[in-house]
Number of protein chains: 2
Amino acid sequence: MKKNFNIAIVGLGQIGNYLYNELKTKKKDIQIKTGKKINIVAISAKNKNKKRKFKIIKKNFYKNPLEIFKKEKVDILFEAIGHSDGISKKIVETALKNKVHVITPNKALISKHGDYLANLAEKNKVNLEFEASVGGGIPILRTIKEGLATNSISKVYGILNGTCNYILTQMEKTKDSFSNVLKKAQLLGYAEPANPKLDLNGYDALAKVKILSALSFNNKISNKNCLMEGIENIETKDIEISNQLNFRIKLLGITEMINDQIYERVHPCLVNKDSYIGNVNGVMNAVILEGRPVGETVLQGEGAGAGPTSSALMSDLLSILRGNIKYPFGISKNRRLNPKIYDKNKYSNPLYLRLEVKDKPGVLSSITKILANHKISIQRLIQIPDNKRKTASIVIITHNANELNSKKCLTSFKSNKNIIKNPVLIRLF
Amino acid sequence: MKKNFNIAIVGLGQIGNYLYNELKTKKKDIQIKTGKKINIVAISAKNKNKKRKFKIIKKNFYKNPLEIFKKEKVDILFEAIGHSDGISKKIVETALKNKVHVITPNKALISKHGDYLANLAEKNKVNLEFEASVGGGIPILRTIKEGLATNSISKVYGILNGTCNYILTQMEKTKDSFSNVLKKAQLLGYAEPANPKLDLNGYDALAKVKILSALSFNNKISNKNCLMEGIENIETKDIEISNQLNFRIKLLGITEMINDQIYERVHPCLVNKDSYIGNVNGVMNAVILEGRPVGETVLQGEGAGAGPTSSALMSDLLSILRGNIKYPFGISKNRRLNPKIYDKNKYSNPLYLRLEVKDKPGVLSSITKILANHKISIQRLIQIPDNKRKTASIVIITHNANELNSKKCLTSFKSNKNIIKNPVLIRLF
């Protein structure tokens, strides 16, 4: 078997940078663990002259990453640009077609083009590894593909976005507003300074859910519209009221099998303060798997940052160096099923509702009437008056209500003149 | 590459039984995931006629498991007898020498003879897999060997024995005595009915610590005497008092690197009730790893029982079928270091001490004097009088005290006539 492996790194942002240094320092260790020598033969980045912790060797640098495969014999490519399409897709595609193994932390790319790229990898008998795309340093994909390989998995859920979890934790701690905490998170590097939207609106977590789904249930990646809600509309008020009710608000990504149909979603949830998931705070990520015969398995770790991501990228590298050639999604493309999607309108959840209303007679009765009309029954109701403004907050915890009725009920609320602000709806987990 | 694999199972207790059925039902699934066919060609058990969920095929049954290799072409052996020596060692040894892959959940065997057997496996170019030996269904060994392969691990600790954790949880919940709760655990199958000693005295957890150590720090298994204390002497009283102080008692297995020396130990600990580890209850196991660059990684799952164990055994099987041939301890035998052992007498811990004393003047001052003589300073002291018996419980939380001084101090306490029962010492984590 091959003894020397040539490596190319495309993208030298925070992750590419860290990885480059890790590869340099761990070269000896890698040789001890695998018997293989690695050699970085090409790197590519937008800006050659940006200040970096290391000096770029001129002859290894490529302005255009696609040139790499024409000039160098590359065995393994690290893609660390991070787009869902464009150059990220192009370079991975080209690599696989050239029988080059690919390792990437790019969840946007894998959740969108994973099936196509996995097929390319399988056809060309090389690996496409993406452990770092979900859960940072938590080896969750490897655990599903290998550690729990013969289990029948029924549900996977967890806290998949460190940025959102950090913001929610800080809002609870400091009682500061969403926008102030976001600014702080950006300063600390926990949220993208330019465009944090994809973290905050649930897109990033949903990409991870889709990857987890495909691996857990042996199906192709679903491209259906899923329930996706972010944390942008969570107010300090909701966090405080939840707290009093012994809940905490968490952005959860969930995928489960219901009657052989897949139900994937990302939305904020009220979780019990005493539950395990209710105590995963800060930038931590956590994934919980339910399977047979293993029971419940929990994995927790730092979900973001160059260190944990790099740890996952290196585990992919060692897997390839050890000759562990395998299907990117655990089984051959021919065996992967077309996903059957559960009709989300049918799903039932208890709800947390907060309505800001005019404080006058008859308002409460009109609200309870709307709920009754949509077959939603009340489990608990709290009215908090604001005498100065002559308004009140009405907080309702409902019994199970299905998504369709909840949606219709929200529409009715919106057209009710006594309700003076957009109603808040958060599902209970 | 080989397409058909012949399998032998030796030992048909709870685990062997479950495994047999899993192999039968998952045969198709295994073929889909690996492209390989498995075939059970031999089984062996003490008693052929014991009532089982399946019928033993006569021609596959061997009274003497060593006969199997003379009569059958076996590729993979499952050893599920569970002794540290004797027939367990003999059969694994014979298999490896015959170039047969071995899979075992036997922590007693691996922690005692793991180095020797791993060398045999390496020499004969076959796998020796023992994922199921630590943490039941939690894929912790695979995570260290593969998922976190290039991390520099500094500490691994956790709740490694489900029996002890169940007993401590139940003692807290029911306020019932150790011996009563043990009886209940035995009835429920959570503790060995005949000889639960190896679970209760910490031996089982220490075997797991030794395996975790060897994998995490790339050293040979240490055979030095370690600090090993069980839960047999924990009283309901200590659980209640701990509770009032916001602690919970857990049996922890810990291994860490201190100045390039390994410090392995198993003993009950007072852990904070709000900490993660303080909330892992019942039969659950949990392992926490600290490494660079990954940070802190947590894995939690059901630690015992045939289902979780079988899940781990099957993951080992798939690893072999996928052709993932590797060193049993992650690196070649020549690279594994001789462990340097940290002098446990130097280690410092705050302590929880409970002394049952005669309630008369001067007693407290004599106790505090003994502590002072051994350089142990008091952080907190509570005296609980028992007026009826004219005795008192003195509970002391100390500042950091090193093991040597603590030991000497205990000896002094024991010879003090005012202390009427054996003093209780539990370390704080």
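As the structure is a prediction and not an experimental result, all values here were calculated from the model.

**Q** I'd love a proper account of the interface of chain B and chain A, names of residues and values included.
**A** Taken residue by residue, the interface counts 40 residues in chain B and 40 residues in chain A. Elements represented by at least two residues in the side of chain B that touches chain A include exactly helix H2 (27–34), helix H6 (140–147), strand S12 (295–302) and helix H12 (306–321) of chain B. Residues of the side of chain B that touches chain A, tallied by class, amount to 14 nonpolar, 16 polar and ten charged. Across five bridges, the pairing between strand S12 (residues 295–302) of chain A and S12 of chain B is antiparallel. Bridging across to S12 of chain B, leucine 299 of chain A finds its partner in leucine 299 of chain B.

**Q** Tell me what's going on with the pairing of strand S4 (residues 76–79) of chain B, and back it up with residues and numbers.
**A** All names here are of chain B. On S4, burial covers both faces: Ile76 and Phe78 on one face and Leu77 and Glu79 on the other are all buried. Relative to S4, strand S1 (residues 4–10) is paired through four bridges, and the arrangement is parallel. Paired with valine 10 across the bridge in S4 is glutamate 79. Taken together, the three bridges between S4 and strand S5 (residues 101–103) define a ladder with parallel strand orientation. Bridge pairing links isoleucine 76 to histidine 101 in S5. Tracing the backbone out of S4, into helix H4 (residues 86–97) and back to the parallel element S5 gives a crossover that is right-handed.

**Q** Let's hear about the relation of the copies chain B and chain A: which residues, and what values?
**A** Aligned on chain A, chain B shows an RMSD of 0.0 Å; the corresponding rotation is 180° and the shift along the axis is 0.1 Å. What the superposition gives is, in effect, a two-fold axis relating one chain to the other. Distance from the rotation axis, computed per C-alpha, reaches its smallest value in chain B at leucine 299 of chain B: 2.3 Å. Both copies contact each other with a shared surface, as 100% of the interface residues of chain B are interface residues in chain A too.

**Q** Provide a residue-level description of the pairing of strand S14 (residues 351–358) of chain B, including the pertinent values.
**A** All names here are of chain B. Within S14, six of the eight residues are buried, which leaves it mostly tucked inside the rest of the structure. As judged from the four bridges shared by S14 and strand S18 (residues 424–428), these two strands associate in the antiparallel manner. In the strand pairing of S18, leucine 353 is matched with leucine 425.

**Q** Describe the sheet that holds strand S3 (residues 61–62) of chain A, and please don't skip the residues or the numbers.
**A** Residues and elements named next belong to chain A. The parallel open sheet is built from six strands, whose spatial order is S3-S2-S1-S4-S5-S6. Both edges of this open sheet fall to S3 and strand S6 (128–129), since each of them pairs with a single strand only. On the sheet, helix H1 (residues 14–25) packs against strand S1 (4–10), strand S2 (37–44) and strand S4 (76–79) and is oriented at approximately 160° with respect to S1. Across the sheet, helix H12 (residues 306–321) is in contact with S1, S4, strand S5 (101–103) and S6; its angle to S5 comes to roughly 160°.

**Q** With reference to specific residues and values, describe helix H11 (residues 236–244) of chain A.
**A** Residues and elements named next belong to chain A. When we look at burial in H11, the residues that qualify are Asp238, Ile241 and Ser242. On an axial view of H11, the arc spanned by its buried residues comes to 105°, and they lie on one face. For H11, the elements touching its buried residues are strand S9 (247–258), strand S10 (261–272), strand S14 (351–358), strand S16 (391–398) and strand S18 (424–428). The first or second residue beyond H11 is asparagine 246, which carries a positive phi of 70°.

What counts, and where the lines are drawn
Residues numbered from 1 in each chain as written. Chains lettered and ligands numbered in written order. Predicted model: local features only at pLDDT ≥ 70, side-chain atom pairs only at ≥ 80, totals over all residues. Contact = placed C-beta atoms within 7 Å. Helix = DSSP H or I, 4+ residues; strand = E, 2+ residues; numbered from the N terminus. Nonpolar A, V, L, I, M, F, W, Y, C, P; charged D, E, K, R; others polar. Pairing = 2+ DSSP bridges. Buried ≥ 20, exposed ≤ 12 C-beta atoms within 10 Å, placed from the backbone. Right-handed = clockwise from strand over helix to strand, strands pointing away. Least-squares fit on C-alpha atoms with pLDDT ≥ 70 in both. Axes fitted to C-alpha atoms, helices over the stretch in contact; angles between N-to-C directions. Arc of directions from axis to C-beta.

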